2 protein chains.
Amino acid sequence: MERRGLLIILSSPSGAGKSTLARSLRDWDPTIRFSVSATTRAPRVGEQDGREYYFVTEEEFRRMVKDGEMLEHARVFGNYYGSPHEPVEKSISIGQDVLFDIDWQGADQIARSSLRDNVLSIFILPPSIRELRRRLIQRGQDSDDVIETRMAKSWDEISHWKGYDYVLVNDDVTETQERLRAIVTAERLRLTRQPGVGLHVTKLQQEFEEVG
Amino acid sequence: MERRGLLIILSSPSGAGKSTLARSLRDWDPTIRFSVSATTRAPRVGEQDGREYYFVTEEEFRRMVKDGEMLEHARVFGNYYGSPHEPVEKSISIGQDVLFDIDWQGADQIARSSLRDNVLSIFILPPSIRELRRRLIQRGQDSDDVIETRMAKSWDEISHWKGYDYVLVNDDVTETQERLRAIVTAERLRLTRQPGVGLHVTKLQQEFEEVG
């Protein structure tokens, strides 16, 4: 019997290193897939439907929410974003882990969804606020205004650290990567995650009765 | 704030590789200490009180059990064996993990003791009964009679696999060692095991209020 995959949730304030950690986790185990969100915002140049996002109309998005097809959803700057249930269910039913790069509100919704037993949630903390700001400036993708907005939001995100299974302080990225891998390796070995062990024990029992 | 240490319980039938795994875990992290049992049996040549065992009289052993000083105890071939509470409490209070190489009955008693919140229990299964017998014969420390007794007891031990947090099928010992290390690494990172994270978040909050 195949184990069901995990919903691996990574949350952190911007700049704590979450995206790097997510990519490194998938490089380590390419069977892990990123959850693809649905959104009502327009595709940007180079974005492909079903790869970066599922691009849907607002009407379709609302229908999906109403029909319970979203594990979690939120409205951000006038656009809707959400994680459709069906592709996740499809992956975990064949033993594939699905990685979610979402904020505490999304994590909280998934932790109360029908797939809650398969959730493994990890919160990444920065070593310091100064370091968080330094990383946001250093990556050079945001204007000063956006950095200030991200910093203002970061405390809100950090303040929800208690709702997670594991917490990692991302001081040294190599060490944090190793710890993240250890967490995923360990969680897959939990008794409750290994339906195949029951079969193995049954085989041992049969063998024991035959050969003692 | 220092985290409290874990009570790492390893159980398995004889020959599944538990002792090798226990030693390898301590080689990997020498801060992990083996729990030293108390026993009423006589010391063998070379055994030292407080190292292999605490050697106590039967009267003293009974008093310890009566006064609740044993985390678990059992009578085996007319001798008493047990794990005294106090040295374990002393270790875990300074953040040292303590390793227990005990059977399912001891594991079960510890899981119901006052230290149950600090327990991490792992069951090691053999890949097959043939392999279990082969390993018992190969290590050459037991007579044929003792091997048969061990084999007869092995099914009793295996049948209690469901009471553990984690299960490892010890097919390839190097892989099992890595998995065991991953489990210990991960368990130390669980939110509930890291009292220090609360302080770190308080520091982040202060810093956030000062420098934004």
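Criteria and thresholds
- Residues numbered from 1 in each chain as written.
- Chains lettered and ligands numbered in written order.
- Predicted model: local features only at pLDDT ≥ 70, side-chain atom pairs only at ≥ 80, totals over all residues.
- Heavy atoms only, no water.
- UniProt positions renumbered as here; feature names shortened; annotations may be inferred.
- Helix = DSSP H or I, 4+ residues; strand = E, 2+ residues; numbered from the N terminus.
- Buried < 20%, exposed > 50% of the residue type's maximum accessible area, 1.4 Å probe, protein only.
- Contact = heavy atoms within 4.5 Å.
- Polar contact = N/O pair within 3.5 Å; in protein donor to acceptor, adjacent residues only side chain to side chain.
- Buried area = accessible area lost by both parts, 1.4 Å probe.
- Salt bridge = Lys/Arg side-chain N within 4 Å of Asp/Glu carboxyl O.
- Pairing = 2+ DSSP bridges.
- Axes fitted to C-alpha atoms, helices over the stretch in contact; angles between N-to-C directions.
- Phe/Tyr/Trp six-rings, centres within 6.5 Å; stacked < 30°, edge-to-face > 60°.
- Least-squares fit on C-alpha atoms with pLDDT ≥ 70 in both.

## Thoughts on the UniProt feature "binding site: ATP" (unreviewed entry) in chain A
Residues and elements named next belong to chain A. Taken from the UniProt record, the annotation "binding site: ATP" (unreviewed entry) applies to S12, P13, S14, G15, A16, G17, K18 and S19. Tracing the backbone shows S14 in the loop between strand 1 (7-11) and helix 1 (18-28). Under the relative-accessibility criterion, S14 is labelled partly exposed at 27%. Contacts of S14, omitting those with residues within four sequence positions, involve L132, L136, R139 and R150. A distance of 3.2 Å separates the side chain of S14 from the side chain of R150, its partner in a polar contact.

## Section: the interface of chain A and chain B
Listed per partner, the contact involves 40 residues of chain A and 40 residues of chain B. With both sides pooled, the region where chain A packs onto chain B buries about 3700 Å², and carbon together with sulfur makes up 70% of that total. Three residues stand out in chain A for area buried against chain B, namely W155, L191 and F208 of chain A, and they jointly supply 18% of the buried area on that side. Across the contact surface, chain A and chain B share 4 salt bridges. E207 of chain B is the salt-bridge partner of R130 of chain A, the closest N and O atoms lying 3.0 Å from each other. Summed over the shared surface of chain A and chain B, the result is 16 residue pairs in polar contact (both at pLDDT 80 or more). Taken together, the elements giving at least two residues each to the side of chain A that touches chain B come down to helix 5 (129-138), helix 6 (144-158), strand 9 (166-169), helix 7 (173-188) and helix 8 (195-211) of chain A. Top element by residues in the side of chain A that touches chain B is helix 8 of chain A. It accounts for 9 residues.

## Some points on the sheet that holds strand 4 (residues 53-55) of chain B
To summarise the sheet geometry, strands pair through backbone hydrogen bonds and adopt either a parallel or an antiparallel arrangement. All names here are of chain B. Strands sit in the order 4-3-6-5 across an open sheet of 4 strands; the sheet is mixed. Single-partner strands in this sheet number two, and they are strand 4 and strand 5 (70-76). The mean angle between the axes of side-by-side strands here comes to 25°, regardless of whether they run parallel or antiparallel.

## Quick notes on the environment of A22 of chain B
Along the chain, the position of A22 of chain B falls in helix 1 (residues 18-28). Setting aside anything within four residues of it in sequence, one finds A22 of chain B in contact with L10, F34 and L99 of chain B.

## Quick look at the environment of S35 of chain A
All names here are of chain A. Within the secondary structure layout, S35 lies in the loop between strand 2 (33-34) and strand 3 (37-39). Using a relative accessible area of 18% as the deciding quantity, one classes S35 as buried. Considered as a pair, S35 and G106 are 71 residues apart in the sequence and their alpha carbons are 12 Å apart. When sequence neighbours within four positions are dropped, the list of residues in contact with S35 reads S83, V88, V98, L99 and F100.

## Quick notes on the packing of aromatic side chains
Note on aromatic pairs: each is described by the distance of the centres and the angle between the planes. Residues and elements named next belong to chain A. With the rule as written, the count across this model stands at 10 aromatic pairs over all chains. Summarising the aromatic geometry, the rings of F61 and Y80 are spaced 5.2 Å apart at their centres and angled 25° between planes, so their arrangement reads as stacked. With F61 in helix 2 (residues 58-66) and Y80 in strand 6 (residues 79-84), the pair connects residues that are 19 residues apart, well separated along the chain. Using a relative accessible area of 1% as the deciding quantity, one classes F61 as buried.

## Thoughts on the relation of the copies chain A and chain B
Mapping chain A onto chain B calls for a rotation angle of 180° and an axial translation of 0.0 Å; the resulting RMSD is 0.0 Å. These values place the two chain copies in the arrangement generated by a two-fold rotation axis. Considering only C-alpha atoms, the part of chain A nearest the rotation axis is A182 of chain A, at 2.2 Å. Counting the interface residues of chain A, we find that 100% of their copies in chain B are interface residues as well, pointing to one common contact surface.

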